[in-house]
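What the coordinates show
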Amino acid sequence: LDSRAGGSFQGRRDLHYLPFALAACLLALCYGAIGLAVSLPQDLEFIRAGRLRAPAAQAEQVELGLKRRPRFHEARLYLIRLRLQAGQIDEATTQYAEAVAAAGPGTETPAFRELGNLLAGHHLDLSNVAYQEERWNDAVISAQDALKLNPETELRAMARNQFAWILADKLERDLTAAEEQAVQAVKESPRNAAYLDTLAWVYYKQGRYREALEQQL
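Okay, so let's go over this structure. These numbers were taken from a predicted model, which means no experiment stands behind them. (Residues numbered from 1 in each chain as written. Predicted model: local features only at pLDDT ≥ 70, side-chain atom pairs only at ≥ 80, totals over all residues. Heavy atoms only, no water.)

A look at the overall build of the chain
Across its full length, the chain holds 11 helices and 0 strands. When the helices and strands of the chain are listed from N to C terminus, the series reads α-α-α-α-α-α-α-α-α-α-α. A burial count over the chain gives 33% of its 217 residues as buried. Partitioning the contacts of the chain with sequence separation of at least 6, the portion at a separation of at least 24 is 48%. Total accessible area on the chain is roughly 13500 Å²; 56% of this is exposed by carbon and sulfur atoms. (Helix = DSSP H or I, 4+ residues; strand = E, 2+ residues; numbered from the N terminus. Buried < 20%, exposed > 50% of the residue type's maximum accessible area, 1.4 Å probe, protein only. Contact = heavy atoms within 4.5 Å. Areas by Shrake-Rupley, 256 points an atom, 1.4 Å probe, with all protein chains shown as cover.)

Here we look at the layout of surface pockets
Here the largest pocket is characterised by a volume of approximately 310 Å³. Around the largest pocket, the lining is made up of 18 residues, and of these Tyr-96, Val-100, Lys-148, Leu-149 and Asn-150 lie nearest the centre. Every element with two or more residues in the lining of the largest pocket is listed here: helix H5 (89-103), helix H6 (110-132) and helix H7 (136-148). The dominant element in the lining of the largest pocket, judged by the number of residues it contributes, is H6, at 5 residues. Of the residues contributing to the lining of the largest pocket, the split by class is 6 nonpolar, 6 polar and 6 charged. (1 Å grid on protein atoms, 1.4 Å probe; cavity = no way out; pocket = protein on both sides within 12 Å on 5 of 7 lines; lining within 4 Å. Points joined across faces, edges and corners; volume = space filled by probe spheres on them. Nonpolar A, V, L, I, M, F, W, Y, C, P; charged D, E, K, R; others polar.)

Here's the deal with unusual backbone geometry
When glycine is set aside, most residues are seen to have a negative phi, and most peptide bonds are trans. We note that Glu-134 has phi near 60 degrees; this positive angle belongs to a residue other than glycine. For Glu-134, the position within the fold is in the loop between H6 and H7. For Glu-172, which is not a glycine, the phi torsion comes out positive at approximately 50 degrees. Examined against the element boundaries, Glu-172 turns out to sit in the loop between helix H8 (153-171) and helix H9 (175-188). We classify Glu-172 as exposed; its relative accessible area is 51%.

Regarding H6
In this model H6 runs 33 Å from its N-terminal to its C-terminal C-alpha over 23 residues, within 8% of the 33 Å that 1.5 Å per residue would give. Within the span of H6, buried status applies to Phe-112, Leu-115, Gly-116, Asn-117, Leu-119, Ala-120, Gly-121, His-123, Leu-124, Ser-127 and Ala-130. Among the residues trailing H6, Glu-134 stands out with phi positive, at a value near 60 degrees. (Expected span 1.5 Å × (residues − 1).)

Considering the environment of Leu-52
Looking at the secondary structure, you find Leu-52 in the loop between helix H2 (44-51) and helix H3 (55-68). In this structure Leu-52 comes out as partly exposed when scored by relative accessible area, which is 35%. Residues within four places of Leu-52 in sequence aside, it is in contact with Ala-57, Gln-58 and Gln-61.

Focus on the packing of aromatic side chains
Enumeration over the complete set of coordinates arrives at 4 aromatic pairs. Arranged with centres 5.2 Å apart and planes meeting at 70 degrees, the rings of Tyr-131 and Trp-136 form a pair that is edge-to-face. Ring centres of Trp-201 and Tyr-204 lie 5.2 Å apart, and the angle between their planes is 5 degrees; on these two criteria the pair is classed as stacked. Of this pair, Trp-201 and Tyr-204 both sit in helix H10 (residues 193-205), 3 residues apart, which is roughly one turn of that helix. Joined through ring pairs, the aromatic side chains of Trp-201, Tyr-204 and Tyr-209 make up one cluster. (Phe/Tyr/Trp six-rings, centres within 6.5 Å; stacked < 30°, edge-to-face > 60°.)

Some words on the packing of H5 against H6
Running from N to C, H5 and H6 cross one another at 155 degrees; their axes reach a closest spacing of 11 Å. Between H5 and H6, the angle falls in the class roughly antiparallel. Relative to H6, the crossing made by H5 is left-handed. The segment H5 lies against H6, with Ile-89, Asp-90, Ala-92, Thr-93, Tyr-96, Ala-99, Val-100 and Ala-103 engaging Phe-112, Leu-115, Gly-116, Leu-119, His-122, His-123 and Leu-126. Partitioning the contact of H5 with H6 into residue classes produces 10 nonpolar, 4 polar and 1 charged. (Axes fitted to C-alpha atoms, helices over the stretch in contact; angles between N-to-C directions. Parallel < 35°, antiparallel > 145°, perpendicular 65-115°, else oblique. Left-handed = near helix turned anticlockwise from the far one by under 90°.)

Remarks on H8
The end-to-end C-alpha distance of H8 is 26 Å, a good match for the 27 Å that 19 residues give at a rise of 1.5 Å each. Phi turns positive, to about 50 degrees, at Glu-172, one or two residues after H8.

Right, here's the structure in full:
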C-alpha cells in the first residue's frame, strides 16, 4: 500500500511539472521562429544561388549575400570555386585575397590551402598557355601570380622554374631574379633534372660557366 501510494504521489508530482516543460518547448520554438525570421532575409541571395545553374550567375548572388554577411567564410570559399568554374581566374584570385584578409589566422585550414593550390594551378596553366603562344611577359606574370598564392612545394617549385626559365631564355633580363627563383626551385626539388638545367642556363647567361657546368654533372 505504501509503495502504491508513493508511486501515485510521484506521478502527480511529474504532472505538476508538465506545464513548465510545455512552456519551455513553446519558448524554444518561438526563439527558433524569431531567429529564422531574422536570418532568412539575409540568406535570400544564397537561396537564389542554389536554384541557379550557371556558375557565374550563382557567383553574383553569393557575392550579394556576402555583403550582408561578410563573415560567412564558407560562402566566400564557395564563391571562389564558382568563379573558377566560370573561368573567372582574376576575380577568383582577388576574392581569395579578400577571404584570407577576412579570415586572418583561419587561412591555415585545409580548405584555404586547397583553394590556394587550386588557384596556383590555374595561374600555372595560364602561364603555360602564354608560353606556348610566345607571350613571354604574360607567362612571367602568371607564374608570379601563382607564387603569390604560396602553394604547396611542388607547385611552388614549378612556378619558380617557369619564372626563371622565361626570364633567362626568352626575355634575357632580370637574371638576378631568375637566379633566385631557380636556386629555390632546386632546393625544393633537388632531383628534378629540368630545374637543374634551368639553373645551369641562368648561370651560363650570367657568364658563370664553371657553375653552369657543375649543375650538369
